[in-house]
Amino acid sequence: TDATTADANFDTRHPLYREIAALARLRQTYPALADGAQLHRFASSRTGVYAFSRIDTGEKREYVVALNNATTAKTVSFATSTPQAGFRQIWPSTRGSLRTDHEARMTVTVPPLTAVVYRAASRLPHRRFAPALQFATPTAGGTVGGRAEIGVGVPEGGLNQVTFAWRPV
């Protein structure tokens, strides 16, 4: 009887099972939610909203995820990477939409104790020039021997990928 009881706990009619299955389908439909580049967007100083973007680097499309751990709805504004764009809600199933302004700022209301996910209707804007880089480590004139960290800062922020190549001298 213990096996029967355990099987009943994983019945597909169970609300928790249905929710987990729906989240798995969401990740399968939009792979960037699982493995896209992640950018921090907003964090409340106390209970409230944590928001981040996931960027599908192949598709060049932004997804915004906002979670609320407060027992009341919270409204927050933050920058995204996609200016003047529409975002369609893809989670939960209630459909809504938002729009970013010319500075790529979004205002979102997140219901209590839940999460919302939005997908940009358009691709990230194409850049004509690469952003300026500042080498953080090693410092100017520093000597590198053995293993050493090579770090770069990108002052303007956003999604940036930096690739290093080296050769022995």
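Being a predicted model, the structure only gives us computed values, none of them experimental.

**Some remarks on the pattern of salt bridges**
Thinking step 1. Under the counting rule described, the total for this entry stands at 3 salt bridges.
Thinking step 2. Of the charged contacts in the structure, one is a salt bridge between E59 and R61, with a shortest N-O distance of 2.7 Å.
Thinking step 3. The class for R61 is buried, based on a relative accessible area of 10%.
Thinking step 4. Of the charged contacts, one joins E59 and R119 as a salt bridge, the two residues approaching to 2.7 Å between their closest N and O atoms. Taken together, the residues E59 in the loop between β2 (49-56) and β3 (61-68) and R119 in strand β8 (residues 114-120) connect sequence positions 60 residues apart.
Thinking step 5. A single salt-bridge network, built from bridges that share partners, covers E59, R61 and R119.

**Digging into the pairing of strand β1 (residues 37-43)**
Thinking step 1. Alignment of β1 against β2, held across 6 bridges, turns out to be antiparallel. Bridged to A43 within β2 is Y50.
Thinking step 2. The turn joining β1 and β2, which pair antiparallel and follow one another in sequence, is formed by 5 residues; a positive phi near 150 degrees is taken by G48.

**Remarks on the side chain of T80**
Thinking step 1. With respect to the element layout, T80 can be found in the loop between β4 (74-79) and β5 (86-91).
Thinking step 2. Side-chain polar atoms of T80 contact the backbone nitrogen of T82, separated by 3.3 Å.

**Remarks on a nonpolar patch on the surface**
Thinking step 1. A cluster of nonpolar residues, L133, F135, I150, V162 and F164, forms a patch on the protein surface that exposes about 460 Å² of accessible area.
Thinking step 2. If you trace the backbone, L133 turns up in the loop between β8 and β9 (134-137).

**Thoughts on the sheet that holds β3**
Thinking step 1. The strand order β1-β2-β3-β8-β5-β6 describes an open sheet built from 6 strands, whose pairing is antiparallel. One side of each edge strand has no neighbouring strand; the edge strands of this open sheet are β1 and β6 (97-99). Direction aside, neighbouring strands of the sheet carry axes that sit 25 degrees apart on average.
Thinking step 2. Looking at chain direction, β2 and β3 are connected through 8 bridges and run antiparallel. The residue of β3 that forms the bridge with V49 is N68.
Thinking step 3. Strands in contact with helix α2 (residues 15-29) are β5 and β8; relative to β5, the strand with the most contacts, it is inclined by about 140 degrees.

**Some points on the nonpolar core**
Thinking step 1. Of all hydrophobic cores here, the largest spans 15 residues; its most connected members are A66, F78, F87 and V108.
Thinking step 2. Among the elements of the structure, β2, β3, β4, β7 (105-110) and β8 are those that each provide at least two residues to this core.
Thinking step 3. Beyond its immediate chain neighbours, meaning those up to four positions away, V108 contacts A66, K74, T75, V76, F78, L98, V116 and Y118.
Thinking step 4. Grouped together as the second largest cluster of nonpolar side chains are 11 residues, Y63, V65, I90 and W91 included.

**A closer look at unusual backbone geometry**
Peptide bonds are mostly trans, and most non-glycine residues show a negative phi.
Thinking step 1. In this structure, P92 follows W91 across a cis peptide bond, with omega equal to -10 degrees.
Thinking step 2. For K60, which is not glycine, the phi torsion reads 60 degrees and is therefore positive.
Thinking step 3. Within the secondary structure, K60 is located in the loop between β2 and β3.
Thinking step 4. Judged by relative accessible area, K60 falls into the partly exposed class, the value being 43%.

Reading guide: rules and limits
Residue positions are given per chain, counting from 1 as you read along its sequence in written order. Totals for whole chains, interfaces and linings use every residue, but because this is a predicted model, local features are given only for residues with pLDDT of at least 70 and side-chain atom pairs only at 80 or more, for both listing and counting. To obtain the side-chain values, all non-hydrogen atoms of the structure were used and water was disregarded. Note on definitions: salt bridges are taken to be side-chain nitrogens of Lys or Arg within 4 Å of carboxyl oxygens of Asp or Glu. A simple rule labels every residue: compare its accessible area, found with a 1.4 Å probe on the protein chains alone, to the largest value its type can have, and call it buried under 20%, exposed over 50%, or partly exposed in between. Secondary structure elements follow DSSP: runs of H or I no shorter than four residues count as helices, runs of E no shorter than two count as strands, and numbering proceeds from the N terminus. A pair of strands is labelled paired if DSSP reports no fewer than 2 bridges between them. In protein, a polar contact means a hydrogen-donor-capable atom and an acceptor-capable atom, both N or O and within 3.5 Å, with residues adjacent in sequence counting only if both atoms are side-chain atoms; elsewhere, any N or O pair within 3.5 Å suffices. By definition, no residue in a patch forms a salt bridge, and every one has over 30% relative accessible area; like charges are joined within 9 Å, nonpolar side chains (Val, Leu, Ile, Met, Phe, Trp, Tyr) within 5 Å. Computed with the Shrake-Rupley method and a 1.4 Å probe, the accessible areas treat only the protein chains shown as cover for residues. To get an axis, fit a line to the C-alpha atoms, keeping to the stretch in contact for a helix; angles then go from 0 to 180 degrees between the N-to-C directions. For this analysis, residues touch if any pair of their heavy atoms sits within 4.5 Å. Nonpolar cores were defined as sets of buried Ala, Val, Leu, Ile, Met, Phe, Trp, Tyr and Cys residues, with membership established by side-chain atoms within 4.5 Å.

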